[in-house]
Amino acid sequence: MFDSSAPVDLPALTHPALDGLNPEQRAAAAHRGVPLLIVAGAGTGKTKTLAARVGHLVAEGADPNRILLLTFTRRAAEEMLSRVSNSATNRAAARVWSGTFHAIANRLLRQYGGAAALSPSFTVLDQADSTDLFGIVRTAEGFAERGKRFPRKETISAIYSRMVNSQQKLGTVLDVDYPWCADYADDLRTLFGAYTATKRSQQVLDYDDLLLFWRGLTVSPVGGAMRDLFDHILIDEYQDTNPIQADIIRGMTRPFDDPCPTEVCAVGDDAQAIYGFRSASVENMWAFAEHFPGARTITLEENYRSTSPILAVANAVLAQAAGPSFGEVTHFAKELWSTRTSGIRPRLITASDETDQSRFVAEAVLDARERGIDLREQAVLFRAGHHSDGLELELARRDIPFVKYGGLKYLEAGHVKDLLALLRVLENPADVLAWHRVLATLSGVGPATLRRLNDELGFGNEGDAPVDADGVPTTRTANALDRFLDSDLKLPSAAAEQTKELRNALGACATGSLRPAEEIDRLKPFCQLIFPAKYDNPAPRLADLDHLASTAGAYRSRDRFLTELTLDPPSKTSEQAGPPHLDDDWLTLSTIHSAKGMEWKSVHLIHAADGNLPSDMAIGDKAGLAEELRLLYVGLTRARDELTVTFPLRFHVHRQGLDDRHVYAQLSRFLEPVRPLFDQGHTGAAEGTVDLTDPIASVGVADEVDAMLFSLWD
């Protein structure tokens, strides 16, 4: 709803920076003074409004260097600023501080980290590197050699991240999320302490550290200087912030009763809060007025994406959140509407089983293509990545090209991490984890050799590494690269050629005369030596290094390239898709989580059965169930013109070879109440199948079974 309780500067509403906005968007973009929360429903022009606000601030005289725009992806920040820059009055937008929380944290810590005993040359571990470091510490502390099972490094990393980002005690996290690990609480405390000591000795920070150190600095003696950096702070996707990020916003803000208060504007949609598993807390959005007293709220409800029949389904699904199944969970009142009042009613299709569902979706995709909807304008969405397994086989059989999102990320590919480890060794010779990866690629180097080389390079007990007054590692670790280049390390004879090339390449790059792209080119011959023995298909992996070098061409310094690549990596790898088709057209397959922020003309939502959506893992928890409802809402609102929801009546088990055992499914509990808003139908194979969600049919079967049972003892 449009909040008109606070006065709006009407002359400002006619400013050129606000052209093309509706009244609510204009009021949000032009608002000045008290903190502002913009509740932006799906497809209501959130990006456009936030970009207009930045443009209006700059056009009205705000210093762009004192505007901070926080987003959750670099792409989102770049898109907003490009919209601002394209306006004739706002060429200064490039000077706005914009980026993800982690990217801005990295930038500020390079400047103010000395107050937290951080070296300006610290390196950043991505999530996979953090997990690997937990593995190293797990082994070093002796937990891998015990006579009983101990949590794997991936589980340990997940527990740690959950604990830090949710700001919950270890005991609580174990009891609620990892009860099978509760007996290891004391060992995990020891391991977490060793992990932290190892990071500090190596001058590396993980993702969580970036936020923790930023928050810590806001309450340190340099906190006042940091608060004086910005007059305006804008936050996108506020419903996805975690408790640490919410603390950071408050810590960077001069209060409203200050002579020169910081103007805060947060944009979000609590109905699209779907990242609780990453410790995102929608409560931050619900508590905005409490955190920023006197705040004003403006709601955007006019949807520019979907037709009215699609929005009717989405609104009806979200309205269920007020029911008793969700406890105290509430949402900001909103009802999406559109001037596109006509359109095709959404379809709800029942398939006999998963194979039948895959056939139907493939045929529907081809039919839409014949009607003029390109494959690129279509998407198939699902709750979990494995839900598309059967469909992928059917698409391949019909020669329908597709790209799948929600799988392997580019920087998670082993061959890319190999090269980045080489760059990290050059940037921070104290990075033991990078050295481990580099040395482990050499022929004949195993765990015992790695431990010996670790000592010969001067690391020893990383937790005791000496540092100077600025926290920079001194001789023992800082000279690890010199030791490798100059010392006669005892390496396996099988690695002689590889070692020679590695020394030559690192030596050439260590001079500092090469740019990042040139360093990658110089390191590639070493990769050509090791990839054939390490990977089955080295050619496309080497081609990925050329792509990495191309990306590096935009950077002058190695540290900035490594940091930005780690904080906001590309999302594709050569292993994700086959050769491109000549027609350059493809269908999108995506988890709903990965589809957030996207839209297509035609959307197929598959596996809409209870146990899949909502996930059976969330059914026993009211907050988790509410998030599953929001997840369905996000999936439905990705469709512009056509929406088809399918669910199979049977799921085959396949536990014993080729048997035909299966379980029956019911339509998602979220969709059952809104059936009348769909055009309902069955696939050909399901035409004669009894619909198990029909209460009359279900009662009839139950009566027959009961009658048979009574006949046995009557």
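Definitions and limits used
- Residues numbered from 1 in each chain as written.
- Predicted model: local features only at pLDDT ≥ 70, side-chain atom pairs only at ≥ 80, totals over all residues.
- Heavy atoms only, no water.
- Helix = DSSP H or I, 4+ residues; strand = E, 2+ residues; numbered from the N terminus.
- Buried < 20%, exposed > 50% of the residue type's maximum accessible area, 1.4 Å probe, protein only.
- Contact = heavy atoms within 4.5 Å.
- Axes fitted to C-alpha atoms, helices over the stretch in contact; angles between N-to-C directions.
- Parallel < 35°, antiparallel > 145°, perpendicular 65-115°, else oblique.
- Left-handed = near helix turned anticlockwise from the far one by under 90°.
- Nonpolar A, V, L, I, M, F, W, Y, C, P; charged D, E, K, R; others polar.
- Pairing = 2+ DSSP bridges.
- 1 Å grid on protein atoms, 1.4 Å probe; cavity = no way out; pocket = protein on both sides within 12 Å on 5 of 7 lines; lining within 4 Å.
- Points joined across faces, edges and corners; volume = space filled by probe spheres on them.

When you go through the protein chain residue by residue, the secondary structure sums to 28 helices and 16 strands. By residue count, 52% of the 714 residues in the protein chain fall in the buried class. When contacts within the protein chain are restricted to residue pairs at least 6 apart in sequence, those whose partners lie at least 24 apart make up 76%.

For the rest of this paragraph, the subject is the packing of helix H5 (residues 127-140) against helix H6 (residues 153-166). Interaxial distance between H5 and H6 falls to 8 Å at its minimum, and their mutual angle equals 115°. As the angle between them shows, H5 and H6 are arranged roughly perpendicular. Once H5 is placed against H6, the crossing between them reads as right-handed. Each of Thr-131, Asp-132, Phe-134, Gly-135 and Arg-138 in H5 lies in contact with H6, whose residues at this interface are Lys-153, Glu-154, Ile-156, Ser-157 and Tyr-160. A per-class count over the contact of H5 with H6 returns three nonpolar, three polar and four charged.

Here the focus is the sheet that holds strand S8 (residues 296-300). If you walk across this open sheet you meet the six strands as S3-S2-S6-S7-S1-S8, and the pairing is parallel. Each having just a single partner strand, strand S3 (97-100) and S8 make up the two edges of the open sheet. Taking the axes of each pair of neighbouring strands and ignoring which way they run, one obtains an average angle of 15° across the sheet. The pairing of strand S1 (residues 36-40) with strand S7 (residues 263-268) spans four bridges and is classified as parallel. Looking at S7, one finds that Leu-37 is bridged to Ala-266.

The tally for this structure, following the rule as stated, stands at two cavities of 30 Å³ or more. In this structure, the largest cavity encloses a volume near 100 Å³. Taken together, 10 residues form the lining of the largest cavity, with Asp-126, Asp-129, Leu-420, Arg-424 and Thr-566 sitting closest to its centre. Only helix H17 (414-427) and helix H25 (558-567) provide two or more residues apiece to the lining of the largest cavity. Among the residues forming the lining of the largest cavity, the class breakdown is five nonpolar, one polar and four charged. The calculated volume of the second largest cavity comes to roughly 30 Å³.

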